[in-house]
Amino acid sequence: MFGTGPTGSHSKDVEPMHALFIYPEFPKTFWSYEKILELVNRKVLLPPLGMVTVAALLPHEWEIKLVDRNVREVKAEEWAWAELVIISGMIVQKDDMAVQIARAKQRNLPVAVGGPFASSTPDAPELDLADFKILDEGEITLPMFIEALERGETGGRYSAEGDKPDVTATPIPRFDLLQLDAYDSMSVQFSRGCPFNCEFCDIIVLYGRKPRTKTPEQLVAELQSLYDLGWRRSVFLVDDNFIGNKRNAKLLLPEIRKFQEERGYPFSFSTEASVDLADDEEMMRMMHDARFEKVFLGIETPDEASLETARKVQNTRNPLDAAVDRITANGIGVMAGFIIGFDGERDGAGQRIVEFVTRTGIPAAMMGMLQALPKTALWARLEEEGRLIQGEDAAKGVNQTNLLNFKPTRPIRDIANEYVDAFCALYEPNAYMDRVYSYYLKMAAPRWKAAPKAPSWVDIRALAIVVWRQGIKRNTRGRFWRYMIGMARNNPAVLEQFLVMLAHNEHFIEYRSIVQREIREQVEALPPEEPTAQKELLPA
Ligand code: SF4
């Protein structure tokens, strides 16, 4: 993210500015869930938390407008109003980032860029036209930028040179800048960094391996700010590993629970965590009691050799199926990420993922082909081995339809075909329904009691559409009603969650054909004899 820091409290001598924040558009991917968003009348899943955090860090006198391009276009009067344009984004947003920078420069506006893409590849051609590059975490680099403006400088690059800021001074993000009704979920951040050392991970490069957390009071104040703005739905804790610092997570959770109890459990939380969550009964209980309904686990693959190759050894300590079951039995729904294309991977990796997902029942299993991200240990190793596929698209970021950006140790076509087959098997509509049903039968009933809330028209409409499509129109109708009745009889407490997951089928049905088409097109465009990495690179 652009960053965070105490600059908001001291405005110094910079003339108050009109700063236009632009958050670039994401390409449509598996993660954008358009069909689900359409159902519930929202535009985007999550807000640009990094940008609203940066907004809170700038001098209070500055006037700020924020346009999330995933919600709407920048208006002519906003361009005319702006004196400075601030753009931040991730690798997958780089194309639109370049477009927005160019539009600002056509209007002779100074442009500052930051965020994960600028921090990892500040010399990327997409950023060439930007005047200021504010890299790394902003607690450190935003004050440098403000000081440069005070000196009248018109360009520069500010880097934290490896320093990691204390996040306990980070102010409450400016959630008021967001068009709240456009988002499905709000987000907050408790910690940055992760203690593990996965070879492909850029989080530990950006934020370090010593997790830094906010204080419980800080995070509760952020929740209160959302509550005061009228937010009453889901909140995603964007931490890459919420339990990276277990002690501090356990200090936070009772405070969230108290906040929730006093207000009738207005928020349902989700987050990301490492698989060792399953070893900590106390943590799972505390999360459930605070109403954490979902957790995303980076399982990556059930193949132990691949996990070791990827240095994801924490996933090899205990059986992964049992870990998923324990978390589910604690009333927390598991979502999981899977990767195919590791070095030394044996044929059939895709099928083994399908078997694992089917066995555990995980409804939302995200799959991608391994991507080397700039500055990661994987990138460095592949570069040294001469295996990166160089060129303008070397770093594409994780997207469900990107082929690997390096020469793998088995034919890329085999990996791509296995990937398409696995993806299509996982999201075949009947198989998906079977899995969701088996999963929610195992799910523990919630112990928290949310205040009763009348369903909105949007909810009723969404329900009617799902019932019409899955329960009447399609040939899934038999299963749909059998499973609805089965769930109502056997585990009625989770019926609503079950229905929501069934609704996700709307997205998967469409996305399945997109994945198939886009990957097949790329495979057809490959040179006839795509070389694989040298045999001697294969681990013993
Ligand atoms: S557990 Fe997740 S966040 Fe931590 S290093 Fe591994 S991939 Fe990165």
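These numbers were taken from a predicted model, which means no experiment stands behind them. (Residues numbered from 1 in each chain as written. Predicted model: local features only at pLDDT ≥ 70, side-chain atom pairs only at ≥ 80, totals over all residues. Heavy atoms only, no water.)

(A) Just helix 8 (residues 216-228), in detail. With 13 residues, helix 8 should cover 18 Å at 1.5 Å per step; its first-to-last C-alpha distance of 18 Å lies within 8% of that length. Of the residues making up helix 8, those classed as buried are P216, Q218, L219, V220, E222, L223, S225, L226 and Y227. Along its buried surface, helix 8 packs onto strand 7 (185-188), strand 10 (234-237), helix 9 (246-262) and strand 11 (268-273). Just downstream of helix 8 lies G230, where phi reads positive at about 100 degrees. (Helix = DSSP H or I, 4+ residues; strand = E, 2+ residues; numbered from the N terminus. Expected span 1.5 Å × (residues − 1). Buried < 20%, exposed > 50% of the residue type's maximum accessible area, 1.4 Å probe, protein only. Contact = heavy atoms within 4.5 Å.)

(B) How the structure looks around the side chain of T476. Here T476 shows up in the loop between helix 17 (457-473) and helix 18 (477-490). What makes T476 buried here is its relative accessible area of 3%.

(C) Representation of the packing of aromatic side chains within the structure. Applying the stated criterion across every chain, the model contains 25 aromatic pairs. Here a set of aromatic residues connected by ring pairs shows up, and it is made of F190, Y227, F242, F259, F267, F269 and F292. Across the ring face of W81, the terminal group of K65 is positioned such that the distance to the ring centre comes to 4.9 Å. (Phe/Tyr/Trp six-rings, centres within 6.5 Å; stacked < 30°, edge-to-face > 60°. Lys NZ or Arg CZ within 6 Å of the ring centre and 35° of its normal.)

(D) Geometry of the packing of helix 8 against helix 9. Running from N to C, helix 8 and helix 9 point in directions that differ by 30 degrees, and their axes come no closer than 9 Å. What the angle tells us is that helix 8 and helix 9 run roughly parallel. At the point where helix 8 passes helix 9, the crossing takes the right-handed sense. Of the residues in helix 9, those touching helix 8 at P216, L219, V220, L223, Q224 and Y227 are L251, L252, E255, I256 and F259. For the contact of helix 8 with helix 9, a count of residues per class yields nine nonpolar, one polar and one charged. (Axes fitted to C-alpha atoms, helices over the stretch in contact; angles between N-to-C directions. Parallel < 35°, antiparallel > 145°, perpendicular 65-115°, else oblique. Left-handed = near helix turned anticlockwise from the far one by under 90°. Nonpolar A, V, L, I, M, F, W, Y, C, P; charged D, E, K, R; others polar.)

(E) Layout of the site of the ligand. Neighbouring residues of the ligand: C194, F196, N197, C198, C201, I204, K312 and Q314. Tallied by class, the residues present in the shell around the ligand amount to five nonpolar, two polar and one charged. (Near = heavy atom within 4 Å.)

(F) Local environment of the sheet that holds strand 7. Strand order in the open sheet formed by six strands is 7-10-11-12-13-14, and the pairing between neighbours is parallel. Looking at strand neighbours, the two that pair on one side only are strand 7 and strand 14 (365-369), the edges of this open sheet. The mean inter-strand angle of the sheet, taken between neighbouring strand axes irrespective of direction, is 20 degrees. (Pairing = 2+ DSSP bridges.)

(G) Focus on the nonpolar core. By size, the foremost hydrophobic cluster in this structure holds 151 residues, and its most contacted members are F21, F145, F242, I299 and F338. Per element, the largest residue contribution to this core is nine residues, and it comes from helix 15 (residues 412-426). Residue assignment places this core across two domains, with domain 1 (6-158) and domain 2 (170-441) each supplying three or more. Contact partners of F21, with chain neighbours within four places excluded, come to M51, V54, A55, L58, I64, K65, L66, V67 and I86. (Core = buried A, V, L, I, M, F, W, Y, C linked by side-chain atoms within 4.5 Å. Domains from an automatic or database assignment.)

(H) Layout of the sheet that holds strand 6 (residues 156-158). Strand order in the open sheet made by the six strands is 2-1-3-4-5-6, with parallel pairing throughout. The open sheet is flanked by strand 2 (63-68) and strand 6, the only strands paired with a single partner. Between one strand axis and the next, the sheet turns by 15 degrees as a mean value, whatever way the strands run. Pairing analysis gives three bridges linking strand 4 (residues 111-114) to strand 5 (residues 132-134), with the strands arranged parallel.

(I) Focus on the side chain of N430. With respect to the helices and strands, the residue N430 is situated in helix 16 (residues 429-442). In terms of polar contacts, N430 uses its side chain to reach the side chain of R479, at 3.4 Å. Not counting chain neighbours up to four residues away, the residues in contact with N430 comprise T476 and R479. (Polar contact = N/O pair within 3.5 Å; in protein donor to acceptor, adjacent residues only side chain to side chain.)

(J) Region of the structure containing the domain arrangement of the chain. Split by domain assignment, the chain resolves into domain 1 (6-158) and domain 2 (170-441). Computed from C-alpha coordinates alone, the two centres of domain 1 and domain 2 are separated by 26 Å. With 34 residues of domain 1 at the contact, the number on the domain 2 side is 42 residues. Interface area, domain 1 with domain 2, both sides summed: about 3100 Å², of which 65% is carbon and sulfur. Remark: the boundary between domain 1 and domain 2 carries three salt bridges. For R192, the salt bridge goes to E137, with nearest N and O atoms at 2.4 Å. Our count for the domain 1 to domain 2 interface comes out at 13 residue pairs in polar contact (both at pLDDT 80 or more). For the side of domain 1 that touches domain 2, the elements supplying multiple residues, two or more each, are helix 2 (49-57), strand 2 and helix 5 (116-120). Here the side of domain 1 that touches domain 2 is composed, by residue class, of 21 nonpolar, six polar and seven charged. (Buried area = accessible area lost by both parts, 1.4 Å probe. Salt bridge = Lys/Arg side-chain N within 4 Å of Asp/Glu carboxyl O.)

(K) Just the pairing of strand 3 (residues 84-88), in detail. Counting buried residues along strand 3, five of its five residues qualify, which places the element largely inside the surrounding structure. What you see with strand 3 is no split at all: L84, I86 and S88 on one side and V85 and I87 on the other are buried throughout. By the bridge criterion, four bridges tie strand 1 (residues 18-23) to strand 3 in an arrangement that is parallel. Looking across to strand 3, one finds that F21 is bridged to I86. Examined bridge by bridge, strand 3 and strand 4 share four bridges and lie parallel to one another. Counted as the bridge partner of S88 is G114 from strand 4. Of the crossover connections in this fold, the one passing from strand 3 over helix 4 (residues 94-106) to the parallel strand 4 is right-handed. (Right-handed = clockwise from strand over helix to strand, strands pointing away.)

(L) Just unusual backbone geometry, in detail. Located in the positive-phi region is R291, a residue other than glycine, with phi close to 70 degrees. Within the element layout of this structure, R291 appears in the loop between helix 10 (281-289) and strand 12 (292-300). Accessibility expressed as a relative area gives 15% for R291, which makes it buried. The backbone of R311 shows a phi angle near 60 degrees, a positive value even though the residue is not glycine. Residue position: R311 is located in the loop between helix 11 (304-309) and helix 12 (320-329). Residue classification places R311 among the partly exposed positions, given a relative accessible area of 34%.

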